[in-house]
Amino acid sequence: MEFDLSWILLGLPLAFVLGWLASRFDLRQLRDENRRAPKAYFKGLNYLLNEQQDQAIDAFIEAVQNDPDTTELHFALGNLFRRRGEYNRAVRVHEHLLSRGDLGRADRDRAQHALALDFLKAGLLDHAEDALLRLEGTPFEAQARVALLAIYERSRDWSQAMTITQKMQDAHQGDFSARQAHFLCEQALGCSRQGNEGEAQKLLEQAVQTAPQAARARIELARLKQRGGKPQEALDMLLELAELAPASLPLAVPLMVELTGQSGDGRKVYDLLRQRYDLMPSLDLMDGIVALETSLGLGANSREWYVRHLEHEPSLVAAAKWLSDERLENEEFHPQVQRALDQASKPLTRYRCAACGFEARQHFWQCPGCQTWDSYPARRVEEL
Ligand SMILES: [Zn+2]
């Protein structure tokens, strides 16, 4: 009895000491681990700050191997891979994250967004589209829709572009009506090419309704009506445009002049151009006026107009046009002088994108250089 009791008295403190030692040992091990993970992490960060990305990646891979559950490290590694153009590796890291069952909702959304960016940067648009569509209903939704719209525009998928802009419009992400009018015009052009003018007309009328001030829809609709043998309706369409969007008039002038020959409204158009020219002396308006004076037999001399234009604007284009009919003293040199002037003035009759500076001989509704809509002014380079 006595013997047993002394053992218990001795055993209790011993057990306590052993337990305490065990707990100390665990704690120290834990602390060691904790210390090791941030160390590799900081090493990687240090390399990053010194722009030594190779070493940074090695350090992050080491850290991830030591602690495969570290979400933040995976994100850092994935972003590094993407920035270096190693899209396969970036995709693998983000797909690995997404495959983990223990990932929270916020991190899952983040990984999905990162994966979409990997595909976008890699130019894998179909994969990017899939990944972006999964971001609906997440905090990345608005960003994802902008990227989706860019994909649909680049692949000329106008009906999808319509759908996504409608969603953006409904979510108050901006006013997309001008862009939607372009999508409808593109769809209409497709219908016209396939010979379906009826559907094209419906789409263009919808475009006019969507963005009443958009020049393109009315100009395309006027062309369609002209093809359909309705020059009067076509011309009325353009006269309406001249009221609603005066700045776009120069773009409509060539078609207007063409239509006056079929509709008999020449004088009305002439008066309008004269009146607008006084407000905005543009080369295209001048060309229209000269053409109408000739066709209406108004008896005026086109060369007088070029001189009048030169009084308003120091225009090389107008000077070249005036000179082309001038009888010079040394006539034998005239063709050379004329050729030199034409050569020099040619770049001035181009249109230039206001967003990226891309120049083109024809007017574009969407810049082929930077894909911006309506970035080409209605006036030519010389008049900018
Ligand atoms: Zn551009």
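Below is a summary of the structure that appears in this document. Please read these numbers as outputs of a predicted model, since none were measured by experiment.

Mapped onto the fold, Q343 is located in helix α18 (residues 334-345). In this structure the C-alpha to C-alpha distance between Q343 and A320, which are 23 residues apart in sequence, comes to 9.7 Å.

Once that is clear, we can look at helix α10 (residues 197-210). With 14 residues, α10 ought to run about 20 Å at 1.5 Å a step, and its terminal C-alpha atoms sit 20 Å apart, in line with that. Every buried residue of α10 is accounted for by A200, L203, L204, A207 and V208. Angularly, the buried residues of α10 cover 145° about the axis, an arc narrow enough to put them on a single face. Away from its buried face by more than 90 degrees, α10 exposes K202 and Q209. The inward-facing, buried residues of α10 contact α9 (177-193), α11 (215-227) and α12 (231-244).

This part is about helix α3 (residues 71-83). With 13 residues, α3 extends 19 Å between its outermost C-alpha atoms, agreeing within 8% with the 18 Å of an ideal straight helix rising 1.5 Å per residue. Those residues of α3 not exposed but buried are T71, L73, H74, F75, L77, G78, L80, F81 and R82. Once α3 ends, the next one or two residues include G85, with phi positive near 80°.

Once that is clear, we can look at the environment of Y306. With respect to the helices, strands and loops of the structure, Y306 is situated in helix α16 (residues 302-312). The exposure class of Y306 is buried, given its relative accessible area of 10%. Setting aside anything within four residues of it in sequence, one finds Y306 in contact with M286, V290, A318, K321 and W322.

Here a ring pair, both rings aromatic, is described through the centre-centre distance and the interplanar angle of the planes. Summed over the entire model, instances satisfying the criterion amount to four aromatic pairs. Judged by centre distance (6.0 Å) and plane angle (55°), the ring pair of F364 and Y376 falls under tilted. Here F364, found in the segment after β2 (359-360), pairs with Y376, found in the segment after β2; they are twelve residues apart in sequence, far enough to count as distant. Accessibility expressed as a relative area gives 24% for F364, which makes it partly exposed. Judged by its relative accessible area of 5%, Y376 falls in the buried class. One aromatic cluster is present, built from ring pairs that chain together W158, F183 and W373. Here the basic side chain of R110 rests over the ring of F75, its NZ or CZ set 3.8 Å away from the ring centre.

Quick notes on the rules
- Sequence order sets the numbering: in each chain, residues are counted from 1 along the sequence as written.
- Residues qualify for local features only when their pLDDT is at least 70, as the model is predicted, and side-chain atom pairs are given and counted only at 80 or more; totals for whole chains, interfaces and linings, by contrast, use all residues.
- With hydrogens and water set aside, each side-chain value is computed from the structure's full complement of heavy atoms.
- Under the scheme used here, helices are H or I runs from DSSP no shorter than 4 residues and strands are E runs no shorter than 2 residues, and both carry numbers assigned from the N terminus.
- To estimate the expected span of a helix, subtract one from its residue number and multiply by 1.5 Å.
- Accessibility here uses a 1.4 Å probe with only protein chains present; expressed as a share of the type maximum, an area under 20% marks a residue as buried, one over 50% as exposed, and anything in between as partly exposed.
- For this quantity, the arc is that covered by the directions from the helix axis to the C-beta atoms.
- By definition in these notes, contact holds between two residues if any of their heavy atoms fall within 4.5 Å.
- Centres within 6.5 Å are what make two rings of Phe, Tyr or Trp a pair, Trp counting through its six-membered ring; a difference in plane orientation under 30 degrees is then read as stacked, over 60 as edge-to-face, and the rest as tilted.
- Criterion for a charge above a ring: Lys NZ or Arg CZ within 6 Å of the ring centre, and within 35 degrees of the ring normal.

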